[in-house]
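# Descriptive analysis of the structure
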Amino acid sequence: MAKTSAGGAQALPLDSIIAGDCIEAMRALPDASIDLIFADPPYNLQLKGELHRPDNSRVDAVDDAWDQFDSFAVYDAFTRAWLAEARRLLKPNGAIWVIGSYHNVFRLGAELQNQGYWILNDVIWRKTNPMPNFRGKRLTNAHETLIWASKSESAKPTFNYEALKALNEGVQMRSDWVLPICTGHERLKGEDGMKAHPTQKPESLLHRVLIGTTNPGDVVLDPFFGTGTTGAVAKMLGRRFIGIEREESYRKVAQRRLDKVRPLSLEALAVSTSKRAEPRVAFGLLVERGMLRPGEELQSLNGRHSAKVRADGTLTAPDVTGSIHQVGARLEGAPSCNGWTYWHFKRDGQNVPIDALRQQIRDEMGE
């Protein structure tokens, strides 16, 4: 459980697995201490008997005791309790991901809204290799649903838009994710040689979640840790994790898995960022530092227009004076203009965008 630091404040049990019931374990953690929660709670499948394939072989479905609840009311009370603790633990700008099937995800979504969480997106994880419907009485269950929600409507959760766009070959990431289920070498086995957990999630799913909605050093809590996919990916990506798991067999498998994970280097952990997230640089700073001189002439991207730099960081052209953006827009007869990419200067006979000088300053700020 959470320890007490020398200063009297509770210290988080970082990078460890807490043994026990998730609600009790969360109650022992300090308020507003977690950046992100990823929760894969019991589905409450309510299976009425064994499931068999057409050849009469038994399907290894989710029939464990941890997934059995006496009624919807009991399941809802359980959901209410753990989500309340989860919200208490989140930092003001924290967020939560929950994943479920059609059996439980709608109940989870309703309770998230009841407790004041603010739903940001629902994501469809479309499985490339789903288990077929052996009885042939329903559609194949080929997807699960994730809900991404912030602690409150006013929260500003982490969202690495450019990093997710880069993962998606430069195209904005959509809310339908096509990823395979956990099979082959990734599927963990128990001491009996059988799969260690019936619903082990693929690392690709957690990689996308953590790259998109956390930063290195963030604390990620998984209250239904299972065989530790969240922890393994968090450790690899330089995030801190806390896992809670009541089943000893899962904890053993998870710990063996975590012991083998080696964190990536700081260089490898760097992700694409938005220009808006970078330090603001005024055009006048380029003039103050002598990177552009008063009187120097700038050319437009299309070569049709020119303007001269003034000592106060403005530009002047025939019939117009103003900022790099205002002058560009006026000359083009456009409602707006990004002056950083529109205006170019000459260096060694080459046209160079003034944005290159801005980036040089930003790089120095980063150092």
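Residues numbered from 1 in each chain as written. Predicted model: local features only at pLDDT ≥ 70, side-chain atom pairs only at ≥ 80, totals over all residues. Heavy atoms only, no water.

You'll find the chain entered in an unreviewed UniProt entry as Methyltransferase, with Ketogulonicigenium robustum given as the organism. Entered under Catalytic activity (unreviewed entry) in the UniProt record, the comment concerning the chain runs "a 2'-deoxyadenosine in DNA + S-adenosyl-L-methionine = an N(6)-methyl-2'-deoxyadenosine in DNA + S-adenosyl-L-homocysteine + H(+)". The UniProt entry for the chain carries this comment under Sequence similarities (unreviewed entry): "Belongs to the N(4)/N(6)-methyltransferase family." (UniProt positions renumbered as here; feature names shortened; annotations may be inferred.)

Spatially, eight strands are ordered E3-E10-E9-E4-E5-E7-E6-E8 in an open sheet, and the strand pairing comes out mixed. Looking at which strands have only one partner, the edges of the open sheet turn out to be strand E3 (16-19) and strand E8 (176-179). In this sheet, neighbouring strand axes are inclined to one another by 20° on average, regardless of whether the strands run parallel or antiparallel. Sheet analysis places E3 next to strand E10 (residues 240-245), joined by four bridges and oriented parallel. Residue pairing for E10: Ile18 is matched across the bridge by Ile244. Strands in contact with helix H5 (residues 203-213) are strand E4 (34-39), strand E5 (90-100), strand E6 (118-127), strand E7 (143-150), E8 and strand E9 (219-222); relative to E8, the strand with the most contacts, it is inclined by about 140°. On the sheet, helix H7 (residues 248-259) packs against E3 and E10 and is oriented at approximately 170° with respect to E3. (Pairing = 2+ DSSP bridges. Helix = DSSP H or I, 4+ residues; strand = E, 2+ residues; numbered from the N terminus. Axes fitted to C-alpha atoms, helices over the stretch in contact; angles between N-to-C directions. Contact = heavy atoms within 4.5 Å.)

This part takes up the environment of Asn129. With respect to the helices, strands and loops of the structure, Asn129 is situated in the loop between E6 and E7. For the pair Asn129 and Leu179, spaced 50 residues apart in sequence, the C-alpha to C-alpha distance is 8.5 Å. For Asn129, the residues in contact, after removing those within four places along its chain, are Pro180, Ile181 and Thr183. For Asn129, the side chain forms a polar contact with the side chain of Thr128, separated by 3.5 Å. (Polar contact = N/O pair within 3.5 Å; in protein donor to acceptor, adjacent residues only side chain to side chain.)

Right, let's talk about the sheet that holds strand E13 (residues 315-317) for a bit. A sheet is described by the order of its strands in space; here six strands give the open sequence E14-E13-E12-E11-E15-E16, paired in antiparallel fashion. Two strands lie at the open edges of the sheet, namely strand E14 (320-322) and strand E16 (350-353), each paired on one side alone. Going from strand to strand, the sheet's axes swing by 35° on average, the running direction of each strand aside. Here strand E11 (residues 297-300) runs beside strand E15 (residues 343-347); their pairing, made up of two bridges, is antiparallel. Looking across to E15, one finds that Ser300 is bridged to Trp343. Relative to E14, helix H10 (residues 324-332) is tilted by about 155°, and along the sheet it contacts strand E12 (306-309), E13, E14 and E15.

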